[in-house]
Amino acid sequence: MSKTQLKKELLAMSVQQITDMVLELYSARPEAKEYLDFFIKPDIDAKLEKARGLIKKEMNRTSRGRNRARSSRIRRFIKDISSLNPGAEAICEIMTFALETACATGSEQWIKEVTQRAFAKLLHETVTTADTHGILNIYLPRIEKAIDSMRTSWFHSNEFKLLLKDTLHSSIQSL
């Protein structure tokens, strides 16, 4: 169903029917419950703290001593925040935090090459999103600091650092 069809159906319904439908939706879907709770009491700081905790937990996920962070899960945590429409600052904040956490983890542990490329893509998206909303000057120093502070004492962390530096440089050049 398209938004136009939904709007047409909602206009044909009475206030009581819409209220009943929203209450049923609230009970039926956890995502709808979370969205409506945020709509009534928008506490973005609590949502960001929860997402930060989940990102840290995911980045510290290991198996047999090797990092097994899943970039798809981290992207989902970012998407969950952005789906609440909290504003560009909150979205850039959680994206930057994810990059900072990845840099810290990449300094201490080997990260799979595919995950490294996923974080490079996230870095590019963060830079373009921040630039689009005119807040790149807030987040760029944090990103640069996170990349520059990465340890390069062993090959894999050095490789990740170089990938992130190259991506940051090309992302800024493309603006």
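See the structure printed just above.
In this report, the structure presented in the accompanying data block is examined. It should be emphasised that the depicted structure is a prediction, and the values quoted were computed from it without experimental measurement.

## A word on the packing of aromatic side chains
Here is step 1: Enumeration over the complete set of coordinates arrives at one aromatic pair.
Here is step 2: Measuring from ring centre to ring centre gives 6.5 Å for tyrosine 35 and phenylalanine 39, while their planes differ by 20°; the resulting arrangement is stacked. Separated by four residues within a single helix, tyrosine 35 and phenylalanine 39 lie in helix H3 (residues 30-40), roughly one turn from each other.
Here is step 3: Seen from the ring of phenylalanine 97, arginine 52 lies directly overhead, with NZ or CZ sitting 5.8 Å from the centre.

## Section: the nonpolar core
Here is step 1: One finds Ile55, Met59, Phe119, Leu123 and Leu164 to be the most contacted residues of the largest nonpolar core, which totals 38 residues.
Here is step 2: At the level of elements, helix H4 (44-59), helix H5 (71-82), helix H6 (88-108), helix H7 (113-132), helix H8 (136-148) and helix H9 (155-173) are the ones that each hand at least two residues to this core.
Here is step 3: For this core, the leading source of residues is H6, giving eleven residues.
Here is step 4: For methionine 59, the residues in contact, after removing those within four places along its chain, are Asn67, Ala69, Ile74, Thr101, Ala102, Thr105, Ile111 and Phe119.

## Description of the packing of H4 against H5
Here is step 1: It is at 10 Å that the axes of H4 and H5 come closest, and there the two elements cross at 175°. In terms of their interaxial angle, H4 and H5 are classed as roughly antiparallel. Contacts between H4 and H5 involve Ile44, Lys47, Leu48, Ala51, Leu54, Ile55, Glu58 and Met59 from the first element and Arg73, Ile74, Phe77 and Ile81 from the second.
Here is step 2: A per-class count over the contact of H4 with H5 returns nine nonpolar, no polar and three charged.

## Comments concerning H3
Each α-helix winds once per 3.6 residues, and so residues spaced three or four apart point in a common direction.
Here is step 1: Every buried residue belonging to H3 is among Ala32, Leu36 and Phe38, and all of these are buried. For H3, the angular spread of buried residues about the axis comes to 160°, placing them on one side.

## So, the side chain of threonine 126
Here is step 1: By the secondary structure assignment, threonine 126 is in helix H7.
Here is step 2: Classification of threonine 126 as buried rests on a relative accessible area of 0%.
Here is step 3: A polar atom in the side chain of threonine 126 sits 2.7 Å from the backbone oxygen of leucine 122.

## Here we look at the pattern of salt bridges
Here is step 1: Per the counting criterion, the structure on display carries eleven salt bridges.
Here is step 2: Ionic pairing is found between lysine 47 and glutamate 34, a salt bridge with its closest N-O pair at 3.3 Å. With lysine 47 in helix H4 and glutamate 34 in helix H3, this pair connects stretches of sequence that are 13 residues apart.
Here is step 3: A salt bridge links glutamate 108 to arginine 151, with the nearest nitrogen and oxygen atoms 3.2 Å apart. A residue pair is termed long-range when its members are at least 10 positions apart, and glutamate 108 in helix H6 and arginine 151 in the loop between H8 and H9 qualify at 43 residues.
Here is step 4: Three or more residues joined by partner-sharing salt bridges are found here, namely Glu49, Arg52, Glu93, Glu100 and Arg142.

About the criteria used
Throughout, residues of each chain are indexed from 1 in the direction in which the sequence is written. Totals for whole chains, interfaces and linings use all residues, but because this is a predicted model, local features are given only for residues with pLDDT of at least 70 and pairs of side-chain atoms are given and counted only at 80 or more. The side-chain quantities take in all heavy atoms of the structure and omit both hydrogens and water. Put simply, two rings from Phe, Tyr or Trp (the six-membered ring, in Trp's case) pair if the centres are within 6.5 Å, and we call them stacked under 30 degrees between planes, edge-to-face over 60, tilted for the rest. Counting from the N terminus, the helices are the DSSP runs of H or I reaching at least four residues and the strands are the DSSP runs of E reaching at least two. Here, a charge over a ring is recorded when the distance from Lys NZ or Arg CZ to the ring centre is within 6 Å and its angle to the ring normal is within 35 degrees. We call a set of buried Ala, Val, Leu, Ile, Met, Phe, Trp, Tyr and Cys residues a nonpolar core when their side-chain atoms join them within 4.5 Å. Working definition: with a 1.4 Å probe on protein chains only, accessible area under 20% of the residue-type maximum means buried, over 50% means exposed, and in between means partly exposed. Here, two residues are considered to be in contact whenever any of their heavy atoms come within 4.5 Å of each other. Note on method: axes are straight lines fitted to C-alpha atoms, helices fitted across the in-contact stretch only, with angles between N-to-C directions ranging 0 to 180 degrees. Every angle not falling under 35 degrees, over 145, or within 65 to 115 is termed oblique; those three ranges are roughly parallel, roughly antiparallel and roughly perpendicular. When residues are grouped by polarity, Ala, Val, Leu, Ile, Met, Phe, Trp, Tyr, Cys and Pro land in nonpolar, Asp, Glu, Lys and Arg in charged, and all others, Gly among them, in polar. Arc, as used here, means the arc of the directions from the helix axis to the C-beta atoms. Throughout this description, a polar contact denotes any pair of N or O atoms lying within 3.5 Å of each other; where both atoms belong to protein, one of them has to be capable of donating a hydrogen while the other can accept it, and for residues adjacent in sequence the pair is counted only when both atoms sit in side chains. Just to be clear on terms, a salt bridge is a Lys or Arg side-chain nitrogen sitting within 4 Å of an Asp or Glu carboxyl oxygen.

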